[in-house]
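# Notes for the structure review
In case you want the letters, here they are:
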Amino acid sequence: MGTVTTSDGTSIFYKDWGPRDAQPVVFHHGWPLSADDWDNQMLFFLARGYRVVAHDRRGHGRSSQTATGHEMDTYAADVAALADALDLRGAVHIGHSTGGGEVARYVARAEPGRVVKAILVGAVPPLMLRTPANPGGLPIEVFDGFRAALAANRAQFYVDVPSGPFYGFNRPGAEVSQGVIDNWWRQGMQGAAVAHYECIKAFSETDFTEDLKKIEVPVLVVHGTDDQIVPYENSAPLSVELLRNGRLKTYEGLPHGMLTTHPDVVDPDLLAFVEE
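Let me begin by describing the structure that accompanies this report. Note that residues are indexed from 1 along each chain, following the sequence as it is written. Local features in this predicted model are restricted to residues whose pLDDT is 70 or higher, and side-chain atom pairs enter the listing and the counts only when it is 80 or higher, whereas totals over whole chains, interfaces and linings include all residues. Working from all heavy atoms in the structure, the side-chain values ignore hydrogens and water.

## Quick notes on the overall build of the protein
- Helices and strands together make up the secondary structure of the protein, namely 10 helices and 8 strands.
- Taken along its principal axes, the extent of the C-alpha atoms in the protein is 45 × 40 × 40 Å.
- Per-residue burial over the protein gives 57% buried out of 276 residues.
- Here, residues are in contact when the closest pair of their heavy atoms is within 4.5 Å. Restricting to contacts in the protein with at least 6 residues of sequence separation, those with at least 24 account for 76%. In this description a helix means any DSSP run of H or I spanning at least four residues, a strand means any run of E spanning at least two, and both kinds are numbered starting from the N terminus. Burial here depends on accessible area, computed with a 1.4 Å probe over protein chains only, as a share of the maximum for the residue type. Under 20% is buried, over 50% is exposed, and the range in between is partly exposed.

Next up, the structure:
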């Protein structure tokens, strides 16, 4: 574990486990979490000989609580700084939710040789917000509601989200894990309120259409049909249509947080794509 300092002086916390000469698998977390959300997958790939790397996005987790830079261009630039500092080449980048947007923006701009594959899991691309060109998106009022709830009582909001739609714990018959809820809350409250507030705009209003079109490496797009955070119909299938070399993997009935609730189902499929 260590930190990388970006060009604007931001300290980005990262974990870097495994042999330095092994192929890197780089993980990008969702809002408002941290690298800790990838513990299961990092241990899974580490046990299979990979070098696993995950960072806390600026303003999240243990990285600097900056007042600026909470948008996708800067997030991608921070990843580029990390890849340069750790000399990550031939890497597979895996992003969940907001992290999937970060992956799309970074991979579209990455130096040749840095990235060989990418995986988007429950990811926000192409665009979450409803616009005239994206009529299937969510209305701005949904995201205004997120901002209002965060500003009014962030601690309670960060209980309500994992207790309900994030992991599908609000569905009849769901097997609820209090530990998972508490861990989501812990990660969220570790970050900066301003970063999380401004990141809502970044994940909901950024249009990744051109990023997806530019990506040349193979991309696996993974999504659950019962995703209550990033609705399936307006995300994964549309992303695959825009990618030059994209493949869709759909999980019937699985939630947004399926990496945590169903790692036994998802992890082997991630590995199979990486090893192709």
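## A few points about the sheet that holds strand 7 (residues 219–224)
- At least two DSSP bridges between two strands are needed for those strands to be called paired. The mixed open sheet is built from 8 strands, whose spatial order is 1-2-4-3-5-6-7-8. Where the open sheet ends on each side, the last strands, each with one partner, are strand 1 (2–5) and strand 8 (246–251). Averaged over neighbouring strand pairs, the angle between their axes works out to 20° when direction is ignored.
- With 4 bridges joining them, strand 6 (residues 115–121) and strand 7 adopt parallel strand pairing. Bridging from a neighbouring strand, Ala118 pairs with Val219 of strand 7.
- Every axis in this analysis is a line fitted to C-alpha atoms, fitted for helices over the stretch in contact. Angles between the N-to-C directions lie between 0 and 180 degrees. Together, strand 3 (24–28), strand 4 (51–55), strand 5 (91–96) and strand 6 form the strand contacts of helix 3 (residues 98–109), whose direction differs from that of strand 5 by roughly 145°.

## Focus on the packing of helix 4 (residues 140–163) against helix 5 (residues 178–190)
- The geometry of helix 4 relative to helix 5 is characterised by a closest axis approach of 9 Å and an angle of 140° between their N-to-C directions. Looking at the two axes, helix 4 sits oblique to helix 5. You can see that helix 4 and helix 5 cross each other, and the crossing is right-handed. Between helix 4 and helix 5, the contacting residues are Arg154, Ala155, Tyr158, Val159, Val161, Pro162 and Ser163 on the first element and Ile181, Trp184, Trp185, Gly188 and Met189 on the second.
- Classes in brief: Ala, Val, Leu, Ile, Met, Phe, Trp, Tyr, Cys and Pro nonpolar; Asp, Glu, Lys and Arg charged; the others, Gly included, polar. Looking at the contact of helix 4 with helix 5, its residues break down into 9 nonpolar, 2 polar and 1 charged. The cut-offs work like this: below 35 degrees is roughly parallel, past 145 is roughly antiparallel, 65 to 115 is roughly perpendicular, and the gaps in between are oblique. Should the near helix be turned anticlockwise from the far one by less than a right angle, the crossing is left-handed, and should it be turned clockwise, the crossing is right-handed.

## Digging into the nonpolar core
- Residues belong to one nonpolar core when they are buried, are Ala, Val, Leu, Ile, Met, Phe, Trp, Tyr or Cys, and are joined through side-chain atoms within 4.5 Å. Core analysis: the biggest nonpolar cluster contains 55 residues, and Trp31, Val107, Trp184, Phe203 and Ile215 have the highest contact counts within it.
- The set of elements that each furnish at least two residues to this core consists of helix 2 (72–85), helix 3, strand 6, helix 4, helix 5, helix 6 (193–205), strand 7 and helix 8 (236–242).
- Of the residues forming this core, the biggest block, 6 residues, is contributed by helix 2.
- Ignoring any residue separated from it by four or fewer positions in sequence, one finds Ile215 in contact with Ala104, Val107, Ala108, Leu243 and Arg244.
- In this structure, Phe27, Met42, Leu259 and Leu270 belong to the second largest nonpolar core, which totals 25 residues.

## Describing the packing of aromatic side chains
- A pair of Phe, Tyr and Trp rings is counted when the ring centres sit within 6.5 Å of each other, with Trp represented by its six-membered ring. The angle between the planes then sorts it: under 30 degrees is stacked, over 60 is edge-to-face, the rest tilted. Throughout the structure, instances matching the rule amount to 17 aromatic pairs.
- Residues Phe27 and Trp38 carry aromatic rings whose centres are separated by 4.9 Å and whose planes lie at 40° to one another, so their mutual orientation is tilted. With Phe27 in strand 3 and Trp38 in the loop between strand 3 and helix 1 (39–46), this residue pair connects regions lying 11 residues apart in the sequence. Just as Phe27 is buried, Trp38 falls in that class too.
- Judged by centre distance (5.6 Å) and plane angle (75°), the rings of Phe45 and Tyr50 are edge-to-face.

## Some points on the environment of Tyr50
- Note that Tyr50 resides in the loop between helix 1 and strand 4.
- Residues Tyr50 and Phe27, 23 residues apart in the sequence, show an inter-C-alpha distance of 12 Å.
- Those residues in contact with Tyr50 that sit more than four places away from it in its chain are Trp17, Gly18, Pro19, Ala22, Gln23, Val25, Phe45, Leu271, Val274 and Glu275.
- A polar contact is formed between the side chain of Tyr50 and the side chain of Glu275, at a distance of 3.4 Å. Think of a polar contact as two N or O atoms within 3.5 Å of one another; within protein, one of them needs to be a possible hydrogen donor and the other a possible acceptor, and neighboring residues in sequence only count if both atoms come from side chains.

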